[in-house]
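Each chain, letter by letter, is given below.
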Amino acid sequence: MRPDCTDFRQLFLDDVPMMDMRAPVEFAKGAFPGAVNLPLMNDQERQKVGTCYKQKGQAEAIVLGHKLVSGEIKQARLEAWAKFAEDHPEGYLYCFRGGLRSHLVQKVLRDEKGIHYPLVEGGYKAMRHFLLETTQQAVAQCDFVLVGGLTGTGKTEVLHLLDNELDLEGYANHRGSSFGKRATAQPAQIDFENRLAIDVLKKRARGIEQFVLEDEGRIVGSCTVPLELYQGMQQYPLVWLEDSLANRVERILRDYVIDLSAEFVSLHGEEDGRRLFAETLLQSMGRIQKRLGGERHQRLSEILRQALDEQQRSGSVELHRVFIESLLSEYYDPMYAYQRAAKAERIEFAGDAVEVREYLKARALREPRK
């Protein structure tokens, strides 16, 4: 019989399957990659038991909980727990603090199914605290370098060719700019932070002590970069990626038009997918209206609408090239040129994708600076 678990590090390093006993509303606010929500109580049941606990105490709340989770409801949940335990004999179960809910499920599995299934001591709260500390320790102990560059230079592509990258946009499922929304939803803030921490944990376990990440703002879509990391990013050395305007236009066309349109169509079908794709680009234009100014926003929006109409009618994306080049030259490039000037003292290398990749690989072999 396996003991209950206190080794949070190994849980995440090994991607151990975990059964989350918390209510769906708790799970939706944040969980761990690969965890499956098989709650002891649903949201309504949990609310009733919580109210009873406040008004009448724990004993009465437990009695109510047993009453609410009984008969066919209890049997259905028991079967789901037992199936998870049988499918994942190496796994664990947990609730918020590794307390009453976890122990109740353990007891039911043991008494009614003969299954001895271990729990995570301290539950979700202890594992979450461990992951927050993981990120904080990395910021304090490791070496970091940022990759910057004009919009469309392929910073994410360069990162993905490195073993020591931290892909904030990947964890957030967002490309980081006003036009960065994907066809699929972003994770909850806690899920974003957990993904970052687990990636850091796994890379440090492989001996990596220097990390490369993209020069991002504090907000990546709806996700917020952890404060200690973001504060560090205001001081980390910077490597500047360069590419021609023509290449940048083609890269943006592929990522933000051709591939994104295909994502929406794949998820929602041809008609709805194309409509949602067009709405997304137009909404993105709306987000930068104040920064563009009235006349420029109106003019570029009209080019975008014409490009979307032409794409819908004939499949041609030629007008999108016109829109992208205009947006880069009139808005993004001047903004990034200003940012580069402000960060000039931190830039330790500049070059194209091949040169930057080779520089960063060589840099990773140096002794960490901290």
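Treat the numbers as computed from the prediction; the structure is a model and nothing was measured.

Participant: Please clarify how helix 7 (residues 123-141) should be interpreted in this entry.
Facilitator: Residues lying three or four places apart along an α-helix face the same way, a consequence of the helix completing one turn every 3.6 residues. With 19 residues, helix 7 extends 27 Å between its outermost C-alpha atoms, agreeing within 8% with the 27 Å of an ideal straight helix rising 1.5 Å per residue. Buried within helix 7 we find Gly 123, Tyr 124, Met 127, Arg 128, Phe 130, Leu 131, Thr 134, Thr 135, Ala 138 and Val 139. Buried residues along helix 7 sit in contact with helix 1 (8-13), strand 1 (18-20), strand 3 (92-94), strand 4 (143-149), helix 10 (189-205) and helix 11 (227-233).

Participant: What should I look at first to understand the sheet that holds strand 2 (residues 36-37) in this one?
Facilitator: Two strands in a sheet stick together by hydrogen bonds in their backbones, pointing the same way (parallel) or opposite ways (antiparallel). Read across the sheet, three strands follow the order 2-1-3 without closing on themselves; strand pairing throughout is parallel. On the outer flanks of this sheet lie strand 2 and strand 3, each paired with one strand and no other.

Participant: Looking at this structure, I do not really get the pairing of strand 9 (residues 238-241). What am I missing?
Facilitator: When a strand is regular, its side chains alternate between the sheet's two faces. Alternating positions in strand 9 separate into two faces, Leu 238 and Trp 240 on one and Val 239 and Leu 241 on the other, with burial throughout. Relative to strand 9, strand 4 runs parallel, the two being bridged by four bridges. Each bridged residue has a counterpart across the sheet, and for Leu 146 the counterpart in strand 9 is Leu 238. With four bridges connecting them, strand 9 and strand 10 (residues 347-351) associate as parallel partners.

Participant: Can you walk me through the packing of aromatic side chains in this structure?
Facilitator: In this description, an aromatic ring pair is defined by two values, namely the gap between the centres and the angle between the planes. Evaluation of the coordinates by the stated rule reveals 13 aromatic pairs. Here Phe 264 and Phe 277 contribute two aromatic rings whose centre-to-centre distance is 6.5 Å and whose plane-to-plane angle is 55 degrees, an arrangement assigned as tilted. On the criterion of sequence distance, the pair formed by Phe 264 in helix 12 (residues 245-268) and Phe 277 in helix 13 (residues 270-287) is long-range, its members being 13 residues apart. Site record: aromatic cluster; members linked through ring pairs are Phe 8, Phe 12, Phe 32, Tyr 94, Phe 96, Tyr 124 and Phe 130. Cation over ring: Arg 2 sits above Tyr 92, and NZ or CZ is 4.8 Å from the ring centre.

Participant: Which parts of the structure should I look at to understand the sheet that holds strand 6 (residues 210-214)?
Facilitator: Read across the open sheet, the five strands follow the order 5-6-4-9-10; overall the sheet is parallel. In this open sheet, the two edge strands, each paired with only one partner strand, are strand 5 (165-166) and strand 10. Relative to strand 10, helix 17 (residues 353-364) is tilted by about 140 degrees, and along the sheet it contacts strand 4, strand 6, strand 9 and strand 10.

Participant: What's the story with the UniProt feature "active site" (unreviewed entry) in the protein chain in this structure? I'm lost.
Facilitator: Per the UniProt record, the feature "active site" (unreviewed entry) sits at Cys 95. Here Cys 95 shows up in the loop between strand 3 and helix 6 (100-113). For Cys 95, a relative accessible area of 3% puts it in the buried group. Non-local contacts of Cys 95, meaning those with residues more than four positions away in its chain, are made with Met 21, Arg 22, Arg 101, Ser 102, Gly 123 and Tyr 124.

Participant: Would you take a moment to explain the UniProt feature "domain: Rhodanese" (unreviewed entry) in the protein chain for this structure?
Facilitator: Sites flagged by UniProt as "domain: Rhodanese" (unreviewed entry) map to residues 12-136. Secondary structure across residues 12-136 divides into 62% helix and 6% strand, with the first and last C-alpha atoms of the span separated by 17 Å.

Participant: Help me understand the side chain of Arg 357, please; the structure alone is not making it clear to me.
Facilitator: Tracing the backbone through its elements, the reader meets Arg 357 in helix 17. A residue is classified by how much of its surface remains accessible, and Arg 357, at 19% relative accessible area, is buried. When neighbours within four sequence positions are excluded, Arg 357 is seen to be in contact with Val 158, Leu 161 and Leu 162.

Participant: How should I be thinking about the domain arrangement of the protein chain in this particular structure?
Facilitator: Reports of interface size often rely on the accessible area that becomes lost once the parts have come together. You can read the domains of the protein chain as domain 1 (6-126) and domain 2 (141-369). Centre-to-centre separation of domain 1 and domain 2, based on C-alpha positions: 39 Å. If you look at the interface, domain 1 gives eleven residues, while domain 2 gives eight residues. Across the domain 1/domain 2 interface, buried area totals approximately 810 Å², and carbon plus sulfur atoms make up 65% of it. Taken together, the connections running from domain 1 to domain 2 amount to three residue pairs in polar contact (both at pLDDT 80 or more). Those elements that place two or more of their residues in the side of domain 1 that touches domain 2 are helix 1 and helix 2 (24-29). Grouping the constituent residues of the side of domain 1 that touches domain 2 by class yields seven nonpolar, one polar and three charged.

Quick notes on the rules
- Residues numbered from 1 in each chain as written.
- Predicted model: local features only at pLDDT ≥ 70, side-chain atom pairs only at ≥ 80, totals over all residues.
- Heavy atoms only, no water.
- Helix = DSSP H or I, 4+ residues; strand = E, 2+ residues; numbered from the N terminus.
- Expected span 1.5 Å × (residues − 1).
- Buried < 20%, exposed > 50% of the residue type's maximum accessible area, 1.4 Å probe, protein only.
- Contact = heavy atoms within 4.5 Å.
- Pairing = 2+ DSSP bridges.
- Phe/Tyr/Trp six-rings, centres within 6.5 Å; stacked < 30°, edge-to-face > 60°.
- Lys NZ or Arg CZ within 6 Å of the ring centre and 35° of its normal.
- Axes fitted to C-alpha atoms, helices over the stretch in contact; angles between N-to-C directions.
- UniProt positions renumbered as here; feature names shortened; annotations may be inferred.
- Domains from an automatic or database assignment.
- Buried area = accessible area lost by both parts, 1.4 Å probe.
- Polar contact = N/O pair within 3.5 Å; in protein donor to acceptor, adjacent residues only side chain to side chain.
- Nonpolar A, V, L, I, M, F, W, Y, C, P; charged D, E, K, R; others polar.

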